[in-house]
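Chain residues, written in single-letter form:
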Amino acid sequence: MYSVKIMFVVSLFIPAVRSSKDLWKLECLPTVGILAETTVIRCYFKDIKDIEIVAVYLTKVGEDKPLFSQEESKRSGDKRFKLLENSTMRPSLQISETMFSDEGEYHYHVTTDSGFKDIKLSISVTARYKNPVTSTWPEKVMDRGPVSLYCNATDGYPAGTINWFDRSGTNWTSNSVLTKDPKVISGVKSVALSSKLTLKSIALDLAPFKCIVFNSKYVQDGLKTLDITPVLDETNMVSSGSKTKSIVAGVIVIGSLTVGLLFALLFFRKRNHTHRRPSANPILSYEQGNDDDPEK
Ligand SMILES: *[C@@H]1O[C@H](CO)[C@@H](O)[C@H](O)[C@H]1NC(C)=O
Ligand SMILES: *[C@@H]1O[C@H](CO)[C@@H](O)[C@H](O)[C@H]1NC(C)=O
């Protein structure tokens, strides 16, 4: 009888006790949101099965008024915040259109039919890198010549990194220099990345190169394939047996044949036409004259 009485008294007082002396717990995982996307703050009750949420209040540390509250289905405060759908059992929250101003520490107060809890939770916000932009200097590259490859990525946060690979997957990153340029523009944080891969003597058959942009957690955010435009240089072609060069050589041969054919056509057309003043088209007439001479 005595123990039953004590049990009754204790159970009566548990919900009124502010600190978490109760058997159940409320926990939230640290949250990393992505700028402009939907962020879910995962929270759960521990050591209790039958529990129902009555109200939740989310307040930024250092502020008095809740930033967001929801009592039953009545929401007030920041409209981007809400209790996750179908979650009478789970006090998880959702933020749509996440902003950098959502970063920080919060007090999260949850009232249930089994009492309330007040815990701290933290939110940090990252931003994805946009599609990388690449270029080469010089724009046209000689086989075995020097070249710098550039790969830039913007709008990401925190600072990520850029790695370089050639067509066979060899990692060239150690030959590159990464520049990081942090900015804050109207509350939007970003770190622009610019990587320069310098090769003193490039074998053109290593192309295309790939630049891969990673976020601060080394998760890939972007990839760009960087083709290298070779210089169309004939002496180079003869000395090199590389595949790229043979393709280039092929293009040149076909090109010269086409040009030759064109001149031949022009020549015959001109012969069938009434005489035109040669000076009307000086270059063609010069060539035509050259072709003419041996035949006459
Ligand atoms: C990449 O960034 C560097 C340094 O900011 C700049 O000099 C270069 O022009 C940029 N290249 C491209 C392709 O945007
Ligand atoms: C490529 O090399 C860089 C620098 O040496 C290194 O940090 C990175 O982990 C390497 N990447 C891979 C996929 O091996």
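Model, not experiment: these values are computed from the prediction.

What follows is about the site of ligand 1. Neighbouring ligand 1 are Val-133, Ser-135, Asn-152 and Ser-194. Interatomic distance of 2.3 Å between a side-chain N/O atom of Asn-152 and an oxygen atom of ligand 1. The separation between an oxygen atom of ligand 1 and a polar side-chain atom of Ser-194 is 3.2 Å. Protein contact buries 42% of the 360 Å² of open area that ligand 1 shows by itself.

Neighbouring residues of ligand 2: Asn-163, Phe-165, Asn-171, Thr-173 and Tyr-218. In the environment of ligand 2, an oxygen atom lies 2.4 Å from a nitrogen or oxygen atom belonging to the side chain of Asn-171. A distance of 3.4 Å separates an oxygen atom of ligand 2 from a polar atom in the side chain of Tyr-218. In the complex, the protein chains occlude 42% of the 360 Å² of accessible area that ligand 2 would expose alone.

The next thing to look at is unusual backbone geometry. Residue Pro-138 is bonded to the preceding Trp-137 through a cis peptide linkage, with omega at -5°. Within the secondary structure, Pro-138 sits in the loop between strand S12 (133-137) and strand S13 (140-141). With omega at -10°, the peptide bond leading from Tyr-157 into Pro-158 counts as cis. In this structure, Pro-158 sits in the loop between strand S14 (147-153) and strand S15 (161-165). Even without glycine at this site, Ala-36 takes up a positive phi of about 70°. Turning to its location among the elements, Ala-36 is positioned in the loop between strand S2 (31-34) and strand S3 (39-41).

Moving on to the packing of aromatic side chains. Applying the stated criterion to the full structure yields five aromatic pairs. When the centroid spacing of 5.4 Å and the interplanar angle of 80° are considered together, the rings of Trp-24 and Phe-45 count as edge-to-face. With Trp-24 in the loop between helix H1 (2-13) and strand S1 (25-28) and Phe-45 in strand S4 (residues 43-46), this pair connects stretches of sequence that are 21 residues apart. There is no split in this pair, since Trp-24 and Phe-45 are both buried. A ring pair is formed by Phe-214 and Tyr-218, whose centres lie 4.1 Å apart and whose planes are at 15°; its orientation type is stacked. The exposure class of Phe-214 is buried, given its relative accessible area of 9%. The ring of Trp-24 carries Lys-117 above its face, with NZ or CZ at 4.5 Å from the centroid.

On to the confidence of the model for the protein chain. Of all residues in the protein chain, 70% attain a pLDDT of 70 or more, and the chain-wide mean is 81. Every residue in residues 6-20 is under pLDDT 50, and counting partners more than four places away or in other chains gives six contacts. Across residues 276-296, where pLDDT falls below 50, the model places 10 contacts with residues more than four positions away in sequence or in other chains.

We now examine the sheet that holds S2. Across the sheet, six strands lie side by side as S2-S11-S10-S5-S6-S7; this open sheet has mixed pairing. Two strands in the sheet have a free side with no partner beyond their single neighbour: S2 and strand S7 (74-77). Adjacent strand axes in the sheet meet at a mean angle of 25° when their direction is disregarded. Sheet analysis places strand S5 (residues 53-60) next to strand S6 (residues 68-71), joined by four bridges and oriented antiparallel. Within S6, the residue paired with Leu-58 across the bridge is Phe-68.

So, on to the pattern of salt bridges. Within the structure shown, the criterion is met by nine salt bridges. Residue Arg-128 pairs with Glu-37 through a salt bridge whose shortest N-O separation is 3.2 Å. Taken together, the residues span a long stretch of sequence, with Arg-128 in the loop between strand S11 (115-126) and S12 and Glu-37 in the loop between S2 and S3 at a distance of 91 residues. The partly exposed category is assigned to Arg-128, whose relative accessible area is 44%.

Conventions used here
- Residues numbered from 1 in each chain as written.
- Chains lettered and ligands numbered in written order.
- Predicted model: local features only at pLDDT ≥ 70, side-chain atom pairs only at ≥ 80, totals over all residues.
- Heavy atoms only, no water.
- Near = heavy atom within 4 Å.
- Polar contact = N/O pair within 3.5 Å; in protein donor to acceptor, adjacent residues only side chain to side chain.
- Areas by Shrake-Rupley, 256 points an atom, 1.4 Å probe, with all protein chains shown as cover.
- Helix = DSSP H or I, 4+ residues; strand = E, 2+ residues; numbered from the N terminus.
- Phe/Tyr/Trp six-rings, centres within 6.5 Å; stacked < 30°, edge-to-face > 60°.
- Buried < 20%, exposed > 50% of the residue type's maximum accessible area, 1.4 Å probe, protein only.
- Lys NZ or Arg CZ within 6 Å of the ring centre and 35° of its normal.
- pLDDT = per-residue confidence, 0-100.
- Contact = heavy atoms within 4.5 Å.
- Pairing = 2+ DSSP bridges.
- Axes fitted to C-alpha atoms, helices over the stretch in contact; angles between N-to-C directions.
- Salt bridge = Lys/Arg side-chain N within 4 Å of Asp/Glu carboxyl O.

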